[in-house]
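Structure at a glance
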Amino acid sequence: MSVVAARRYADRLVFAADSIRISGLLKTTSRVTGEERVKLFEVNDLIIGSVGYVMELSFMQIFARNHKPADATVEAVLDFMVEFYAWAKSKDDSFGKHNDYLFGIHDRIFRVVDSYLVERINEFSAIGAGEYFALTAMYLDKTPEEAVEISNELCVYCSGPTQVITKEFTSA
């Protein structure tokens, strides 16, 4: 459930996410104001977007405060994920790997799915239930924010408000 979309432009990274919260089979909206950074946040010079279990993403928020990949490479992101999963399991032995992630590191985007499949994204990517709507929208030159808003309209497992993080960089 949910959607996170990201695009690399010549001078910036743009990430966007929906804000749906699910409890059992019901959408919970009474506590969602749009100010929360639940699925998309910036910490320790990283942009992190995730879909899946709130528990896992909460652990990632704590872990990323003082950990980050050693470099902006597939190998370094994989090492980071292995370290994160071991750390999370040491905190709660019932911890399981359930989430997919999009990371913004320096001027690069990385996608992590199926726990250990790490891909560097050259242009755009999306994860979650609204992934295919968002990918289609970005293929048609929509921004990540517009792509998430389209997913919110078309996918019952996505809902606003939409959160956006933009990180500017200088091209080498």
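Let me begin by describing the structure that accompanies this report. Every value quoted in this text rests on a predicted model; they were computed, and no experiment measured them.

1. Quick look at the packing of aromatic side chains
Tallying each qualifying case throughout the model produces 12 aromatic pairs. With 5.3 Å between their ring centres and 50° between their planes, phenylalanine 63 and tryptophan 87 make a pair best called tilted. Residue phenylalanine 63 is located in helix 1 (residues 54–64), and its partner tryptophan 87 is located in helix 2 (residues 74–91); the two are separated by 24 residues in the primary sequence. Across the pair, exposure class does not vary: phenylalanine 63 and tryptophan 87 are buried alike. An angle of 90° between the planes, with centres 5.7 Å apart, marks the rings of phenylalanine 80 and phenylalanine 103 as edge-to-face. Of this pair, phenylalanine 80 sits in helix 2 while phenylalanine 103 sits in strand 7 (residues 100–105), placing them 23 residues apart in sequence. Accessibility assignment for this pair places phenylalanine 80 and phenylalanine 103 in one class, buried.

2. Examining helix 4 (residues 144–154)
All of the buried residues along helix 4 are Pro144, Ala147, Val148, Ser151 and Asn152. Angularly, the buried residues of helix 4 cover 145° about the axis, an arc narrow enough to put them on a single face. With respect to the buried face of helix 4, the exposed residues turned more than 90 degrees away are Glu153 and Leu154. Against strand 1 (3–8), strand 2 (12–17) and helix 3 (131–139) lie the buried residues of helix 4.

3. Comments concerning the pattern of salt bridges
Taken as a whole and assessed by the stated rule, the structure comprises eight salt bridges. One salt bridge in this structure joins aspartate 18 and lysine 39, with 3.4 Å as the shortest N-O distance. With aspartate 18 in the loop between strand 2 and strand 3 (22–23) and lysine 39 in the loop between strand 4 (26–27) and strand 5 (40–43), the pair connects residues that are 21 residues apart, well separated along the chain. Aspartate 45 is the salt-bridge partner of lysine 167, the closest N and O atoms lying 3.4 Å from each other. You can see lysine 167 sitting in strand 11 (residues 163–168) and its partner aspartate 45 sitting in the loop between strand 5 and strand 6 (46–51), a full 122 residues away along the chain.

4. So, the sheet that holds strand 1
Spatial ordering of the open sheet is given by 10-1-2-11, a layout of four strands whose pairing is antiparallel. In this open sheet, the two edge strands, each paired with only one partner strand, are strand 10 (124–128) and strand 11. On average, each strand axis in the sheet is tilted by 10° relative to the strand beside it, whichever way the strands run. Taken together, the five bridges between strand 1 and strand 2 define a ladder with antiparallel strand orientation. Residue pairing across strands places alanine 6 opposite phenylalanine 15, the latter belonging to strand 2.

5. Side note on the nonpolar core
Ranked by size, the top nonpolar core spans 24 residues in total, and within it Ile48, Met60, Val77, Met81, Phe84, Tyr101 and Phe103 carry the most contacts. At the level of elements, strand 5, strand 6, helix 1, helix 2, strand 7 and strand 8 (108–113) are the ones that each hand at least two residues to this core. Each residue touching valine 77, except ones within four places of it in the same chain, is listed here: Pro69, Phe103, Ile105, Phe110, Val112 and Val118. Counting 15 residues, the second-largest nonpolar core is a separate cluster that includes Leu13, Leu40, Leu102 and Ile165.

What counts as what
Residues numbered from 1 in each chain as written. Predicted model: local features only at pLDDT ≥ 70, side-chain atom pairs only at ≥ 80, totals over all residues. Heavy atoms only, no water. Phe/Tyr/Trp six-rings, centres within 6.5 Å; stacked < 30°, edge-to-face > 60°. Helix = DSSP H or I, 4+ residues; strand = E, 2+ residues; numbered from the N terminus. Buried < 20%, exposed > 50% of the residue type's maximum accessible area, 1.4 Å probe, protein only. Arc of directions from axis to C-beta. Contact = heavy atoms within 4.5 Å. Salt bridge = Lys/Arg side-chain N within 4 Å of Asp/Glu carboxyl O. Pairing = 2+ DSSP bridges. Axes fitted to C-alpha atoms, helices over the stretch in contact; angles between N-to-C directions. Core = buried A, V, L, I, M, F, W, Y, C linked by side-chain atoms within 4.5 Å.

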